[in-house]
Amino acid sequence: MQDKKENIKCSGCRHCSGLRRVGNTRTSFTCSHPDQDYIQNYFTEKRMQKMPGFLGYGARYSDAVPVKTAPAWCPEKKAPKEK
């Protein structure tokens, strides 16, 4: 069985959302995963200064996600909790 972490890509994720404002040429991509607390905590613990959940800007007039694989803070990549 392959490791789940290797198979995750933002381009195919249902939580990846893009927004292009009127008059702008680039799309801004963010993660809208329901577990926003995990993302916030990860950014706080690692002292990351960028906007939590921000993936990046796309190329001009493109709707393609700018990252190939999910970032380290992706809630889909976190280890499953022990029962």
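Check the entry above for the structure.
Residues numbered from 1 in each chain as written. Predicted model: local features only at pLDDT ≥ 70, side-chain atom pairs only at ≥ 80, totals over all residues. Heavy atoms only, no water.

**Q** It is not clear to me how the nonpolar core should be interpreted in this structure. Could you clarify?
**A** Nonpolar side chains tend toward joint burial in soluble globular proteins. Core analysis: the biggest nonpolar cluster contains twelve residues, these being Ile-8, Cys-10, Phe-29, Cys-31, Ile-39, Tyr-42, Phe-43, Leu-55, Val-65, Ala-70, Trp-73 and Cys-74. At the level of elements, β2 (28–31) and α1 (36–45) are the ones that each hand at least two residues to this core. Ranked by residues supplied to this core, first place goes to α1 with three residues. When residues no more than four places from it in sequence are discounted, the contact partners of Cys-31 are His-15, Gln-36, Ile-39, Gly-53, Leu-55 and Trp-73. (Core = buried A, V, L, I, M, F, W, Y, C linked by side-chain atoms within 4.5 Å. Buried < 20%, exposed > 50% of the residue type's maximum accessible area, 1.4 Å probe, protein only. Helix = DSSP H or I, 4+ residues; strand = E, 2+ residues; numbered from the N terminus. Contact = heavy atoms within 4.5 Å.)

**Q** Got a minute to help me understand unusual backbone geometry in this structure?
**A** Glycine aside, a negative phi is what most residues show, and trans is what most peptide bonds show. The phi dihedral of Arg-47 is positive, around 55°, even though this residue is not glycine. Examined against the element boundaries, Arg-47 turns out to sit in the loop between α1 and β3 (54–57). Of the residues examined, Arg-47 reaches a relative accessible area of 70% and is grouped as exposed. In this structure, Tyr-61 takes a positive phi of about 55° despite not being glycine. With respect to the secondary-structure elements, Tyr-61 resides in the segment after β3.

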